[in-house]
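# What the coordinates show
This is what each chain is made of:
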Amino acid sequence: MSEGIPLTWEEVARTYGRKIYNFAYRLTGNPDDAADLVQEVLLRVKRGLPDYVPGSFEGWLWRITRNAFLDDVRRRQRRPTAPLPDEMDRAALGAAPAPEEVLARVRLGEEVQRALLALPYDFREAVVLCDIVGLSYEEIAASVAVPIGTVRSRIHRGRKMLKDKLS
Amino acid sequence: MIHLGEMLSAFLDGELTHDEERRVTEHLGSCEFCAEELADLHQARALVRSLPILDTPGRLLHRPDDGKVVPLYRRPRAWAAAAAAALVILVGLATVLAPSPAGVQVPIEDLSNQFRARDSLDRTFTPIELVPVVLNGAE
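Here the structure is a predicted model, which means the values were calculated and not measured.

Procedures and definitions
- Residues numbered from 1 in each chain as written.
- Chains lettered and ligands numbered in written order.
- Predicted model: local features only at pLDDT ≥ 70, side-chain atom pairs only at ≥ 80, totals over all residues.
- Heavy atoms only, no water.
- Salt bridge = Lys/Arg side-chain N within 4 Å of Asp/Glu carboxyl O.
- Helix = DSSP H or I, 4+ residues; strand = E, 2+ residues; numbered from the N terminus.
- Buried < 20%, exposed > 50% of the residue type's maximum accessible area, 1.4 Å probe, protein only.
- Expected span 1.5 Å × (residues − 1).
- Arc of directions from axis to C-beta.
- Contact = heavy atoms within 4.5 Å.
- Core = buried A, V, L, I, M, F, W, Y, C linked by side-chain atoms within 4.5 Å.
- pLDDT = per-residue confidence, 0-100.
- Buried area = accessible area lost by both parts, 1.4 Å probe.
- Polar contact = N/O pair within 3.5 Å; in protein donor to acceptor, adjacent residues only side chain to side chain.

With the rule as written, the count across this model stands at 15 salt bridges over all chains. For B:D13, the salt bridge identified is with B:R45, shortest N-O distance 2.9 Å. Placement of B:D13 in the loop between α1 (7–12) and α2 (18–30) and of B:R45 in helix α3 (residues 32–49) is noted, with a sequence separation of 32 residues between them. The class of B:R45 is buried, set by a relative accessible area of 12%. Residues joined in a network through salt bridges with shared partners are A:D131, A:R159, B:D13, B:R45 and B:R49.

Following this line, the structure appears as structure tokens:
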């Protein structure tokens, strides 16, 4: 994604704020941690934008996001274990489906989120960047600073572990 | 038989070259083990992708300033509001009281609108009762 690079802070916030929030939320399962991360990333983007050299914007942004996330984890010295709050998912489900359907989807979402949180970090990160954020393998490799073969292996093994946990 | 392993995930994600894709497709036609694994991977991927996309709390998308989130609209400081009010009144009084050159009309509605606008912005502001005055000096 090299075209349409957002050049102002507002454009970055508008275009990527939601993705960053969902990345953090799915990695931590905690809305407060996710909100803190968005704030920290946007602050780092604001400081870094003047020095940004046109190239892979996605790679640049997700490197910042990942570093901010890992810094935060190190600072807190704890592993995220907070359960998924019901109201967050309900609010995100959109236009009023049947209550039973809402409940089923929330429960399924909770199970998938729990399974994600049970994955070792490297695998969880690769799966979230691929299937939640929607990055290509190449973009993930640039963000995480590992070879593309490692990305492929992590995504594959991550999915297999998820499947085992959810069966 | 050598199975496809992680090529299957890359296949699902459209991350293989044309040649690799062709080889995977051929293999899948004759290998039940890999076909089952592909179905499992597809299901795992679909479950993660089915997670609802959450809205970012709106407060986060305002411009950050030195670590603090600054709201788009900042309430004016009290002294600034008082100064602005004083200025409006002074200008208004000067306009009303100054001797007008012959034939110049002072639009009283404009003056009155300034006070109304102020009134709607600041609940603590008490508007002055405006009495229409004829300011047709020369007559």
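Anyway, onward from the coordinates.
Time to look at α2(B). Residues and elements named next belong to chain B. For α2, built from 13 residues, the straight-helix expectation of 18 Å at 1.5 Å per residue is met to within 8% by its first-to-last C-alpha distance of 19 Å. Listed in full, the buried residues belonging to α2 are V24, H27 and L28. All buried residues of α2 fall inside an arc of 100° around its axis, so they share one side. Residues of α2 that are exposed and point over 90 degrees away from its buried face: H18, E26, G29 and S30. Tucked inside the fold, the buried residues of α2 contact α1 and α3.

Our next topic: the environment of B:L12. With respect to the element layout, B:L12 can be found in helix α1. Look at B:L12 and you get buried, because its relative accessible area is 17%. Note: C-alpha distance between B:L12 and B:L38 (26 residues apart in sequence) is 8.0 Å. What B:L12 contacts, discounting residues up to four positions off in sequence, is A:R159, B:L38, B:L41, B:H42 and B:R45.

Before going further, it helps to examine the nonpolar core. All names here are of chain A. In terms of nonpolar packing, the biggest core is built from 67 residues, with F23, V45 and L61 touching the most fellow members. For this core, the leading source of residues is helix α1 (residues 9–28), giving 10 residues. Once residues within four sequence positions are removed from consideration, F23 is found in contact with L37, W62, T65, F69, V128, L129 and V133.

What follows covers the confidence of the model for chain A. For chain A, per-residue confidence averages 82 on the pLDDT scale, and residues scoring 70 or more make up 78% of the total. Helix α4 (residues 86–92) of chain A is the least confidently modelled element of chain A, averaging 46 in pLDDT, while helix α8 (residues 148–166) of chain A averages 96, the highest of any element.

Every contact between the two is made by 40 residues of chain A and, on the other side, 36 residues of chain B. Summing both partners gives a buried area of about 3400 Å² for chain A against chain B, and 62% of it is carried by carbon and sulfur. A per-residue breakdown of the area chain A buries against chain B is headed by A:R152, A:H156 and A:R159, which together make up 18% of the total. Between chain A and chain B we count 6 salt bridges in total. Close ionic contact of A:D131 with B:R49 constitutes a salt bridge, the shortest N to O distance being 3.3 Å. On the surface where chain A and chain B come into contact, there are 15 residue pairs in polar contact (both at pLDDT 80 or more).

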